Each structure stands twice: as C-alpha cells, then as structure tokens.
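Secondary and tertiary structure notes
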Amino acid sequence: MLASGASYMLEVSLGLYRSGYTNAVVQWYNSTDSAYIGQEAVVQCYLWYSNSARITRFVSRALILDTDITGASVTVYPRVKSVSSSGATLGATNYTHPTVRVWRIS
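What follows is about the overall build of the chain. When its secondary structure is counted, the chain shows zero helices and nine strands. Along the chain direction, N to C, the helices and strands of the chain fall in the order β-β-β-β-β-β-β-β-β. Burial statistics for the chain: of 106 residues in total, 33% are counted as buried. Taking contacts inside the chain between residues at least 6 apart in sequence as the whole, the part at least 24 apart equals 79%. On the chain, roughly 6200 Å² of surface is accessible, and the fraction owed to carbon and sulfur atoms is 52%.

What follows deals with the pattern of salt bridges. This model, assessed by the stated rule, comprises three salt bridges. Here E11 makes a salt bridge to R61, at a shortest N to O gap of 2.9 Å. Residue E11 is located in strand β2 (residues 7-17), and its partner R61 is located in strand β5 (residues 55-64); the two are separated by 50 residues in the primary sequence. Between R101 and E11 there is a salt bridge; the shortest N-O distance is 3.1 Å. In this pair, R101 sits in strand β9 (residues 99-105) while E11 sits in strand β2, placing the two residues 90 residues apart along the sequence.

What follows covers a nonpolar patch on the surface. Together, L63, L65, W103 and I105 line one region of the surface with nonpolar side chains, adding up to about 380 Å² of accessible area. With respect to the secondary-structure elements, W103 resides in strand β9. By relative accessible area, W103 is classed as partly exposed at 40%.

Another aspect to go through is the environment of L10. Here L10 shows up in strand β2. The spacing of L10 and R101 is 91 residues in sequence and 5.9 Å in space, taken between C-alpha atoms. Beyond its immediate chain neighbours, meaning those up to four positions away, L10 contacts L2, W28, S60, R61, A62, I64, V76, R101 and V102.

Turning next to the nonpolar core. L2, Y8, L10, W28, I64 and V76 are the most contacted members of the largest nonpolar core, which totals 15 residues. Only β2, β3 (22-30) and β5 provide two or more residues apiece to this core. If one sorts the elements of this core by residue count, β2 sits on top with four residues. When sequence neighbours within four positions are dropped, the list of residues in contact with V76 reads L2, L10, W28, Y29, N30, I37 and I64.

Here we come to the environment of R104. Its place among the elements puts R104 in strand β9. Placed 96 residues apart in sequence, R104 and Y8 show a C-alpha to C-alpha distance of 4.7 Å. With residues up to four places along the chain from it excluded, the contact list for R104 reads G5, A6, S7 and Y8.

Let us look at the side chain of Q27. Secondary-structure assignment places Q27 in strand β3. Beyond its immediate sequence surroundings of up to four residues, Q27 is in contact with Y36, I37, G38, Q39, E40, S60, Y77, P78, R79 and K81.

Here is what the cut-offs are and how they apply
- Note on numbering: residues in each chain are counted from 1, in written sequence order.
- For this predicted model, a pLDDT threshold of at least 70 governs which residues receive local features, and a threshold of 80 or more governs which side-chain atom pairs are given and counted, while totals over whole chains, interfaces and linings are taken from all residues.
- Side-chain numbers here rest on the full set of heavy atoms in the structure, without hydrogens or water.
- Only DSSP runs of H or I with at least four residues qualify as helices, and only runs of E with at least two residues qualify as strands; both kinds are numbered from the N terminus onward.
- Classification of residues uses two cut-offs on accessible area relative to the type maximum, computed with a 1.4 Å probe and protein chains only: under 20% is buried, over 50% is exposed, and between them is partly exposed.
- By definition in these notes, contact holds between two residues if any of their heavy atoms fall within 4.5 Å.
- Note on areas: these come from Shrake-Rupley sampling with a 1.4 Å probe, and a residue is covered only by the protein chains present in the view.
- Salt bridges are defined by distance alone: a side-chain nitrogen of Lys or Arg within 4 Å of a carboxyl oxygen of Asp or Glu.
- Patch membership needs two things, relative accessible area over 30% and no salt bridge, and members are linked within 9 Å if like-charged or within 5 Å if nonpolar (Val, Leu, Ile, Met, Phe, Trp, Tyr).
- Only buried residues count toward a nonpolar core, which is a set of Ala, Val, Leu, Ile, Met, Phe, Trp, Tyr and Cys residues joined through side-chain atoms within 4.5 Å.

Written as structure tokens, this is what we have:
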C-alpha cells in the first residue's frame with residue numbers, strides 16, 4: 001500500500017528457470033483502480049537442447065506520482081497478465097529469486 005503525499009518508483013525483477021518454451025507478461029497492477037500500470041516485463045524463451053536450464057532476468061517498472069494517488073492510499077503489486085508455457089517456472093528457483101524494490105520520492 002502506497003500512501004499519498006509522495007511519489008514512488010516501483011521495480012520487480014523476476015527470476016526464470018527455463019526448462020521449456022515460455023511466453024509470459026508480468027506488469028504492476030493497481031488493485032485500487034483495477035488497472036495495469038508501468039512497463040511490462042516480457043518473457044520469451046525457447047527450448048534449445050544445449051541450454052535448457054538457462055537463467056534469465058526480466059524487470060518491470062512503474063512510476064507513481066503523488067497526483068496519481070487520488071485517495072489516502074493505493075494498493076499495487078506485480079501480477080502475471082498472461083502466460084503460455086511448456087515446463088517453465090516463473091519465480092524463485094535454486095538459482096535466483098524475484099526482488100521487489102520501492103523508492104519513495106518526497
């Protein structure tokens with residue numbers, strides 16, 4: 001939950017353990033206004049036999065200005081918009097972990 005009175009920069013870094021074909025989109029979601037906001041993280045990986053366990057990272061960012069927060073607060077979180085997969089796993093793995101960063105800009 002982000003309180004009014006400041007602006008915020010949001011960032012989510014996704015870990016992907018690739019073990020199959022994956023096509024996914026992750027983006028910040030404003031549940032207060034029921035809308036996706038900011039930049040999408042687009043995941044597109046294809047299974048190649050020589051690197052079927054490749055680790056990759058994808059980042060989604062959003063800037064929320066104080067004027068965007070119309071009430072006392074707004075609730076936002078990273079959310080999967082779409083995914084089509086064949087054996088891949090989005091999220092924490094043995095190799096890398098998703099991270100969320102929030103910068104408050106006064």
